[in-house]
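The primary structure of each chain is shown beneath.
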Amino acid sequence: MKTFLFNPFKRYSEQQLLLFGGVTAIFGVVFASLTNTHFDGVLDTHFGHTVTFKTAAFQSIINIVSIVLVFYPAGKWINSKTRLIDIFNLSLIIKIPAYFMMPLNINNWAYLKTEPLLEAVSNPFNLQFTPEMILFLALSSILAIGVFVWLIILLYNGFKVATNLKETKHIILFILAIIVAEIVSKVLLMIL
Amino acid sequence: MNPKLPIHCPACEAALKVSQLLCESCSTSVNGTFSLPLFLKLQNDEQDFILKFLLNSGSLKEMAKQMNISYPTLRNKLDDLIEKIKQMQTDEDLPL
């Protein structure tokens, strides 16, 4: 179970990962449009009030392209035997944890809860926190942190299996690749 | 029971050498100082890995299926083993 959740790349073949990753990616796009969830960046999950199927699909494709564009050359530099299919599967699988955030915005629930807070940020002295709001923020923050940690663990393990990375300089490159992939996805979403 | 061939000294961890060989048929023994072949200096699981690789005609994909692990995991294992053998050859200047 631990391998399945945190390092499926170690055990499952590229065909199995591609099938599972592809099905979950389609599910992610459909459910993101139903729950108005934006995956507007490799690491990002934001809630909105209207996300069309086209927008959700576009964001998903940009995230995949950004990861492949950055992590494939990085992987090739670490180990010339790195395969495109392993990096592509990585880009599909690492988004799975973020899909667990989507139920929070069924009927725009999370968006409607957080929108007044965002509007009040310009005047923080007027912020009113009800106990229900504090509980919501605490629980959603815990979930978001858990999802982020899970995503990073999956990304690291997948990249490690794909490239056989071991050295400290390779780990530094991996960290840089995350930052660059995030920037690339943001830039692509902005200009396209 | 098939006892495991010890390759390191249990006291100081240094590599062991063969000092006696025995003919089971006539009990003739040969004494001397012989180095273990490089293959026997590998861990048991590494020897098994090489044997499986050979028996699968070098097909990593077939081996990965049999071992229930992914292709890149197996390829990494092979690369690590190649690196280890190269290092052992460099250290001891030994042929296979």
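See above for the structure.
Draft legend 1. Just the overall build of chain B, in detail. Broken down by element type, chain B carries 4 helices and 2 strands. Traced from its N-terminal end to its C-terminal end, chain B shows the element sequence β-β-α-α-α-α. Rg of the C-alpha trace for chain B: 17 Å, well past the compact-globule value of 12 Å for 96 residues, more than 25% over. Principal-axis analysis of the C-alpha atoms places the extent of chain B at approximately 45 × 35 × 25 Å. Every one of the 96 residues in chain B was classed for burial, and the buried ones make up 26%. Pairs at least 24 apart in sequence give 35% of the contacts found in chain B among residues at least 6 apart.

Draft legend 2. A look at the packing of helix α2 (residues 44-55) of chain B against helix α3 (residues 60-67) of chain B. Residues and elements named next belong to chain B. Put simply, α2 and α3 touch, their axes get as near as 9 Å, and they point 125° apart. Between α2 and α3, the interaxial angle falls into the category oblique. Both α2 and α3 take part in a crossing whose hand is right-handed. Contacts from F49, K52 and F53 of α2 reach α3 at L60, M63 and M67. Looking at the contact of α2 with α3 residue by residue, the class counts come to 5 nonpolar, no polar and 1 charged.

Draft legend 3. Inspection of the packing of aromatic side chains at higher detail. Residues and elements named next belong to chain A. One pass over the structure, following the stated rule, counts 12 aromatic pairs over all chains. Consider the rings of F71 and F159, whose centres lie 5.2 Å apart with planes at 80°: the pair is edge-to-face. Here F71, found in helix α4 (residues 53-78), pairs with F159, found in helix α8 (residues 131-163); they are 88 residues apart in sequence, far enough to count as distant. Residue F71 shares its accessibility class with F159, and that shared class is buried. On the basis of an interplanar angle of 65° and a centroid distance of 6.1 Å, the ring pair of F71 and F174 is categorised as edge-to-face. Of the two residues, F71 is situated in helix α4 and F174 in helix α9 (residues 168-191); the sequence distance between them amounts to 103 residues.

Draft legend 4. Structural detail: the layout of surface pockets. Residues and elements named next belong to chain A. When its volume is computed, the largest pocket comes out at roughly 380 Å³. T45, H46, F47, M101 and A144 are the residues nearest the centre of the largest pocket, which is lined by 19 residues in total. Among the elements of the structure, β2 (46-47), α7 (109-120) and α8 are those that each provide at least two residues to the lining of the largest pocket. Across the lining of the largest pocket, the residue classes break down as 13 nonpolar, 5 polar and 1 charged.

Draft legend 5. Just the pairing of strand β1 (residues 18-22) of chain B, in detail. Residue and element names in this part refer to chain B. Where β1 lies against strand β2 (residues 29-34), 4 bridges are found, and the strand directions are antiparallel. The partner of L21 across the bridge, within β2, is V30. In this antiparallel pair of consecutive strands, β1 and β2, the connection spans 6 residues, and S27 shows a positive phi of 65°.

Draft legend 6. Broad picture of the interface of chain A and chain B. Across the boundary between the two partners, chain A contributes 14 residues, which contact 11 residues of chain B. Between chain A and chain B, a total of about 990 Å² is buried, with carbon and sulfur atoms accounting for 39% of that surface. For the chain A face of the interface with chain B, the top three residues by lost area are R11(A), K81(A) and N164(A), together amounting to 39%. Along the contact surface separating chain A from chain B lie 2 salt bridges. Measuring nitrogen to oxygen at the nearest pair gives 2.7 Å for the salt bridge that ties D80(B) to K166(A). Where the side of chain A that touches chain B is concerned, the elements lending two or more residues are α2 (8-11) and α8 of chain A. Here the residues of the side of chain A that touches chain B sort into 4 nonpolar, 2 polar and 8 charged.

Draft legend 7. Structural context of the pattern of salt bridges. Residues and elements named next belong to chain A. By the definition in use, this model includes 8 salt bridges over all chains. The shortest N-O distance in the salt bridge between E14 and R83 comes to 3.3 Å. One end of the pair, E14, is in helix α3 (residues 14-35); the other, R83, is in the loop between α4 and α5 (84-93), and 69 residues separate them in sequence. For the pair E14 and R83, one class covers both residues: buried. Each of E14, R83 and D86 takes part in one network of salt bridges that share partners.

Here is what the cut-offs are and how they apply
Residues numbered from 1 in each chain as written. Chains lettered and ligands numbered in written order. Predicted model: local features only at pLDDT ≥ 70, side-chain atom pairs only at ≥ 80, totals over all residues. Heavy atoms only, no water. Helix = DSSP H or I, 4+ residues; strand = E, 2+ residues; numbered from the N terminus. Rg over C-alpha atoms; globule rule 2.2 N^0.38 Å. Buried < 20%, exposed > 50% of the residue type's maximum accessible area, 1.4 Å probe, protein only. Contact = heavy atoms within 4.5 Å. Axes fitted to C-alpha atoms, helices over the stretch in contact; angles between N-to-C directions. Parallel < 35°, antiparallel > 145°, perpendicular 65-115°, else oblique. Left-handed = near helix turned anticlockwise from the far one by under 90°. Nonpolar A, V, L, I, M, F, W, Y, C, P; charged D, E, K, R; others polar. Phe/Tyr/Trp six-rings, centres within 6.5 Å; stacked < 30°, edge-to-face > 60°. 1 Å grid on protein atoms, 1.4 Å probe; cavity = no way out; pocket = protein on both sides within 12 Å on 5 of 7 lines; lining within 4 Å. Points joined across faces, edges and corners; volume = space filled by probe spheres on them. Pairing = 2+ DSSP bridges. Buried area = accessible area lost by both parts, 1.4 Å probe. Salt bridge = Lys/Arg side-chain N within 4 Å of Asp/Glu carboxyl O.

Note that all results are geometric; they support no functional claim without further evidence.
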